[in-house]
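Structural features, examined
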Amino acid sequence: MNFPMPNLLPAYAEIFLLTMTCIVLVVDLFLDDQRRYVTYVLSLLTLAGCAFFTIGIGSIPGPTYTFNNMFVSDLMANVLKLASYIAVAVNMVYSRSYMADRGMLRGEYFSLSLFAMLGMMVMISSNHFLTLYMGLELMSLCLYAMVALNRDSATSTEAAMKYFVLGALASGLLLYGMSMIYGATGSLEMRNIAKILEVGSTNRVVLVFGLVFVVAGVAFKLGVVPFHMWIPDVYQGAPSAVTLFIASAPKLAAFAMAMRLLVNGLIPLAIDWQQMLTLLAVLSMALGNLAAIAQSNIKRMLAYSTISHMGFLLLGMATGVVDGNWLSAAEAYSASMFYAIVYTLTTLAAFGSVLLLSRAGFEAENIEDYKGLNRRSPWFAFIVLVTMFSLAGIPPTVGFYAKLSVLQSAVSAGQVWLAVVAVLFSLIGAFYYLRIVKLMYFDDPVDTAPLAVRLDMSVLLSANGVAILLLGIMPQQLMELCFVAIKSL
Amino acid sequence: MKALYLIVPFAPLVGALISGLFGRSVGRAGAHWVTILGVAISFIASCMVMSDVLEGNVFNGTLYTWLISGEARFEVGFLIDRLSALMMIVVTFVSLMVHIYTIGYMAEDPGYQRFFAYISLFTFSMLMLVMSNNFLQLFFGWEAVGLVSYLLIGFWYKRPTAIYANLKAFLVNRVGDFGFVLGIALVLSYFGTLDYAEVFKRAPELATQTMELFPGTPYLVITVICIGLFVGAMGKSAQFPLHVWLPDSMEGPTPISALIHAATMVTAGIFMVSRMSPLFEMSESALSFILVIGGITAFFMGLVAVVQYDIKRVVAYSTLSQLGYMTMALGASAYSAAMFHLMTHAFFKAALFLGAGSVIIAMHHEQDMRKMGGLRKYMPVTYLVMLIGAFANAGFPPFAGFFSKDTIIEALQASQTPGAGFAYWASLLGVFVGALYSFRLVFFAFHGEERFAKIDAHAHETHDKENTHGHDEHGHGGSPHESPTVVTLPLILLAIPSICAGWLIGTVVYGNYFGDAIFVSSGHEWIAEMGQEFHGVMGMMLHGLTSLPFWFAMLGLATAFYLYILQPDVPGVLRQKLAFFVRILDNKYGFDDFNQWFFASGAVKVGTGLWRYGDAMLIDGVMVNGTARIVGWIAGVVRWLQSGFIYQYAFAMIIGISVLLFIWVFDVTALLANWTR
């Protein structure tokens, strides 16, 4: 059998990451707790190396397909991968002292993180149902394990269990959908499916069945209503550092998955899935924002906030194709992509602040813990203020432009009512973000212990907050990058 | 010349700013010197402008463009013709007299500098109003004089009555201004410009154009514009039924009653209508409306003056009545007569007010005529001036009021405009009433029994009412004596034109003095017809002696003489016999009560209702708290759904899938679309 050597160049970053992860895994075996920082530094270097490769590959123009068209490297993939590296790296820095304080800073944490990263990269670069599914499962399995990392904690194991069962269900739904589409089109390769669908003459009922299940799978990963039920419980039950991980980079991967499946693969069915996504988006914005108000646990509150943000993200996805017209699609999808990146950036800072307030023997879990933060540390109170403003979408933070761009795409698609609904719910949402600001600045602190922050975290969290502000003042470059990336699809 | 025009309004403004902003550093004397100097310069400049205008020069130009919005330009500019020049002379002259008089009247008041700042500011505003060449600046001046009037009525801001009165003046004038602004807005929307000359030039275009205020009832646009503008004049010139604020405005210090509420500001409405004569001439309905309103005001407000005891209120009601005359003249297209009466009235009414003020000083700020009497021998100068004022007000020849009022009555007789008949009789009866209240005032206060001696002890108490009146050096308990020169000098200077100003009638009314400034359409040229029968001042006086108005005036004088000199007990008896009518007059026809009941407490009720049902129930209760409750309820439901049981979570996902499948596999949206179609 003739087995031609595939072009490995587009997958250099993945190959490097896999190799390095194995090395990290082995190296860590020989380290004791005092020298755990070697693993830490090695992991960060691995991510830096991946970034190096990705930037190098990104300089090659145009999409490059390899492994029998199962794998694609295009600008969107590279941008999202870079954002994911940053998110995972930031996550490692933020988590370090939290995990160390709780005895979880072991090799597993790093290798699981890196394997999850690998899964995400495969998802982002997939051009084939099977590669996509493989990446998804690699990422998900790592996440399940990470949630249960603190295996003696009942809530953590319960959360991991729920996540695993529901995740398995969602994977099953997704697979079922994929098989339906395979049945209708006879192909698993996304570009190919799109071509076949354009020709027409496929069984619509089978296709729609497949589409509904695929959308359900995507919706589960994004965590939109009614496939959101796992989010609050998992976010609350998992160790805060893991919550941060789940809430950040995987959302980029989920966005990429939606783009690959729906836009690359099923764009001829856009009319159908756009309506589905609109429905899910409205439900998510409504439920997420309304439920978040009633939460007293900060992680749960941020969980519901995530649900509403994913609803917002879907606004752009749901308004790309207008009456079969593609013209504004790139703008709409790039608005969604911009939203995903901005959301990740802001969420890192939001959960970063939760980790900031936690210390050995104390979990900052309640909104009350933010009381009087301004008295304890004016600078970090300011960072949290910027973060909350960005989540609420108040200028001049970047969250404003993220919301503005998806709303613009809704309006230019003629869906003014959708934009109005979105604005109304984000208005309601502003309440619970601003409540945190109010607690920080106008209430007396309950906990007066000084904040013990490691230097690396302190610098990075500050940079994170400043980035939210700076990108809010100069969002143009990132927006254009997203636009070019989507154009290159 | 342009510089001269600028000096006229801005000299008083500079004075006002200095005495208002730096009152403490310039001191009392500094404040009155700087403002009097400003007004004096303004007066001299006005005289120079007048002499220039008499040579036939007219200036109409823009000084400053404030903003341009589309086609419309908003500008500051002057229109200096004979009409505005006359007003400038009247305003600056009376203002100058009042400034001087104030030195004496307000001598002991702690708000001395503030008062001078206000009256100078008023002079500036009034001059901007009369010199304007566009509606915008007119409106600015209109509101500015209203503002200063408000400030001055409430000058003694610690008195509840003064605060009540200035609020009332403010609110009633808002009603008038509502109409005024609507009129101006219509002018802007139909003509696209606010410039007088432009508007007048293009006015004939609107001659037959109609608009529907209510569906199905077309009105002439020009009529709506004119009535809107006139409603503004009704507020400012205190015409029925918006007159209610003027009597109460007497709560302010007397000098401003003379300046603002008799001589100048209240005549702004008359001036405005005269200025707009090209518009008003096009609408017969508006002129009729004006005639009727003027007639009602002239007669019925004069009647109220007969039962008043407060010396200033008598003069105030007489002002209302005289403003009614001017308004009637406008309605009869006798604009020149109205302006002429405006001028003579400014002089004799200022004299009357300042004379009353002089009495009030002498009586230690006592205004009730029942506590006066026999003042003639103590205050000869004031008495003489008041007597001249009364003769002028009643319209006896050769005093100024005779010429102007007689011309108006004759014009009303000649006028063919609907409503002129009513106005004519109202004006004749008004002459009788006018003579009656004028001489009642003179006889009551200056003749007869000296009633102040026995109530002198009481006078001390009234001092407290006027807490601004400190310890005076006149000495208590002594008999009243003549006021100082700063008070009497303006009185004399005002008494002179009160006698002679009427002799100018040949030039001002019949001599085509106003020229193009006033437009009278053909068919309304009754003044011109009367002019052909005018044979000099002496001839008019001789003719006047045989005419009906003179005998009505004589009758009024005789009645007053009988009631208050010959038989001083009769008025009391009459009051009892005619108790019903007296009560109506004492209640001023119940307008105040009605306004209090309907508008004031009505507004409070509406406000309370809106607050209770609109704000508290609807906005707070349903919208704010209701939203919060709904959000809370939804959040509760979601918490309940988020039960923590994994099978329920899975179930939710399955339901989600099923709904999506149901909708898309059966294409429910298309089905619904078919259904609704």
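In what follows, the structure referred to is the one given above.
Computed from a predicted model, the values in this text were never measured in an experiment.

Cut-off values and rules
Residues numbered from 1 in each chain as written. Chains lettered and ligands numbered in written order. Predicted model: local features only at pLDDT ≥ 70, side-chain atom pairs only at ≥ 80, totals over all residues. Heavy atoms only, no water. Contact = heavy atoms within 4.5 Å. Buried area = accessible area lost by both parts, 1.4 Å probe. Salt bridge = Lys/Arg side-chain N within 4 Å of Asp/Glu carboxyl O. Polar contact = N/O pair within 3.5 Å; in protein donor to acceptor, adjacent residues only side chain to side chain. Helix = DSSP H or I, 4+ residues; strand = E, 2+ residues; numbered from the N terminus. Nonpolar A, V, L, I, M, F, W, Y, C, P; charged D, E, K, R; others polar. Pairing = 2+ DSSP bridges. Buried < 20%, exposed > 50% of the residue type's maximum accessible area, 1.4 Å probe, protein only. Phe/Tyr/Trp six-rings, centres within 6.5 Å; stacked < 30°, edge-to-face > 60°. Axes fitted to C-alpha atoms, helices over the stretch in contact; angles between N-to-C directions. Parallel < 35°, antiparallel > 145°, perpendicular 65-115°, else oblique. Left-handed = near helix turned anticlockwise from the far one by under 90°. Core = buried A, V, L, I, M, F, W, Y, C linked by side-chain atoms within 4.5 Å.

**Some remarks on the interface of chain A and chain B**
- Between chain A and chain B, the residue contacts involve 35 residues of the former and 22 residues of the latter.
- When chain A packs against chain B, close to 2,600 Å² is buried across both sides, 79% of that on carbon and sulfur atoms.
- The tally of links from chain A across to chain B stands at zero salt bridges.
- At the surface where chain A touches chain B, the tally comes to six residue pairs in polar contact (both at pLDDT 80 or more).
- Contributing elements (two or more residues each) for the side of chain A that touches chain B: helix 6 (154-185), helix 8 (204-222), helix 9 (230-237), helix 12 (270-293) and helix 13 (298-317) of chain A.
- Of the residues belonging to the side of chain A that touches chain B, the class tally is 26 nonpolar, three polar and six charged.

**What about the pairing of strand 4 (residues 217-220) of chain B?**
All names here are of chain B.
- Note that strand 3 (residues 210-214) and strand 4 share four bridges and pair antiparallel. Its bridge partner lying in strand 4, threonine 210 is registered against leucine 220.
- Between the antiparallel neighbours strand 3 and strand 4 lie two residues, among them glycine 216 with a positive phi of about 95 degrees.

**Some details on the environment of B:Gly302**
Residue and element names in this part refer to chain B.
- Counting through the fold element by element, glycine 302 comes out in helix 13 (residues 284-307).
- Once the C-alpha coordinates of glycine 302 and glycine 430 are considered, the two residues, 128 residues apart in sequence, prove to be 6.5 Å apart.
- Setting aside chain neighbours within four positions, we find glycine 302 in contact with Thr297, Ser321, Val433 and Tyr437.

**Comments concerning the side chain of A:Asp74**
All names here are of chain A.
- For aspartate 74, the location among the structural elements is in the loop between strand 2 (71-73) and helix 3 (75-101).
- The class of aspartate 74 is buried, set by a relative accessible area of 1%.
- Of the polar contacts made by the side chain of aspartate 74, one reaches the backbone nitrogen of alanine 77; its length is 2.9 Å.
- Engagement of the side chain of aspartate 74 in a polar contact is seen with the side chain of arginine 260, the distance being 3.1 Å.
- Apart from residues no more than four positions distant in its own chain, aspartate 74 is found in contact with Pro63, Arg260, Ser488 and Leu489.

**Side note on the environment of B:Trp611**
All names here are of chain B.
- Residue position: tryptophan 611 is located in helix 27 (residues 591-641).
- Tryptophan 611 sits in the partly exposed class, given a relative accessible area of 48%.
- Ignoring anything within four residues of it in the chain, the contact list for tryptophan 611 reads Ala616 and Met617.

**So, the packing of aromatic side chains**
- Tallied over the entire structure, the rule returns 57 aromatic pairs over all chains.
- Ring centres of A:Tyr144 and A:Tyr163 lie 4.9 Å apart, and the angle between their planes is 85 degrees; this geometry places the pair in the edge-to-face category. With A:Tyr144 in helix 5 (residues 129-147) and A:Tyr163 in helix 6, the pair connects residues that are 19 residues apart, well separated along the chain. We note that A:Tyr144, like A:Tyr163, is buried.
- Their ring planes at 75 degrees and their centres at 6.0 Å tell us that B:Tyr309 and B:Phe444 sit as a pair that is edge-to-face. With B:Tyr309 in the loop between helix 13 and helix 14 (311-331) and B:Phe444 in helix 18 (residues 420-446), this residue pair connects regions lying 135 residues apart in the sequence. The two residues B:Tyr309 and B:Phe444 agree in class, both being buried.

**A look at the environment of B:Trp156**
- Turning to its location among the elements, B:Trp156 is positioned in the loop between helix 5 (135-153) and helix 6 (160-191).
- Each C-alpha atom, one on B:Trp156 and one on B:Gly252, is 7.2 Å from the other, the two residues being 96 residues apart in sequence.

**Some details on the packing of helix 12 of chain A against helix 18 (residues 416-442) of chain A**
Residues and elements named next belong to chain A.
- Between helix 12 and helix 18, whose axes approach to 9 Å, the crossing angle comes to 20 degrees. Compared by their axis directions, helix 12 and helix 18 come out roughly parallel. By crossing handedness, the relation of helix 12 to helix 18 is classed as left-handed. On helix 18, the residues that touch Thr278, Val282, Met285, Ala286, Gly288, Asn289, Leu290, Ala292 and Ile293 of helix 12 are Trp417, Leu418, Val421, Ala422, Phe425, Ser426, Ile428, Gly429, Phe431, Tyr432 and Arg435.

**Considering the nonpolar core**
- Judged by nonpolar contacts, the single largest core of 218 residues is most densely connected at B:Val94, B:Phe135, B:Leu229, B:Met276, B:Leu279 and B:Phe280.
- Of all the elements, helix 15 (residues 335-362) of chain B adds the most residues to this core, at 20 residues.
- In this structure, B:Met276 is in contact with B:Phe135, B:Leu138, B:Tyr196, B:Phe200 and B:Leu229, ignoring residues within four places of it in sequence.
- In this structure, A:Met117, A:Leu173, A:Tyr235 and A:Val421 belong to the second largest nonpolar core, which totals 198 residues.

**A few points about unusual backbone geometry**
- Along the chain, A:Val225 connects to A:Pro226 via a cis peptide bond; the corresponding omega equals 0 degrees.
- One can find A:Pro226 in the loop between helix 8 and helix 9.
- Here the amide bond leading from B:Pro397 into B:Pro398 is cis, since omega sits at 10 degrees, within 30 degrees of zero.
- Turning to its location among the elements, B:Pro398 is positioned in the loop between helix 16 (380-394) and helix 17 (400-414).
- The phi dihedral of A:Phe67 is positive, around 50 degrees, even though this residue is not glycine.
- Mapped onto the fold, A:Phe67 is located in the loop between strand 1 (64-66) and strand 2.
- Of note in the backbone geometry, B:Ala238 takes a positive phi value of approximately 50 degrees without being a glycine.

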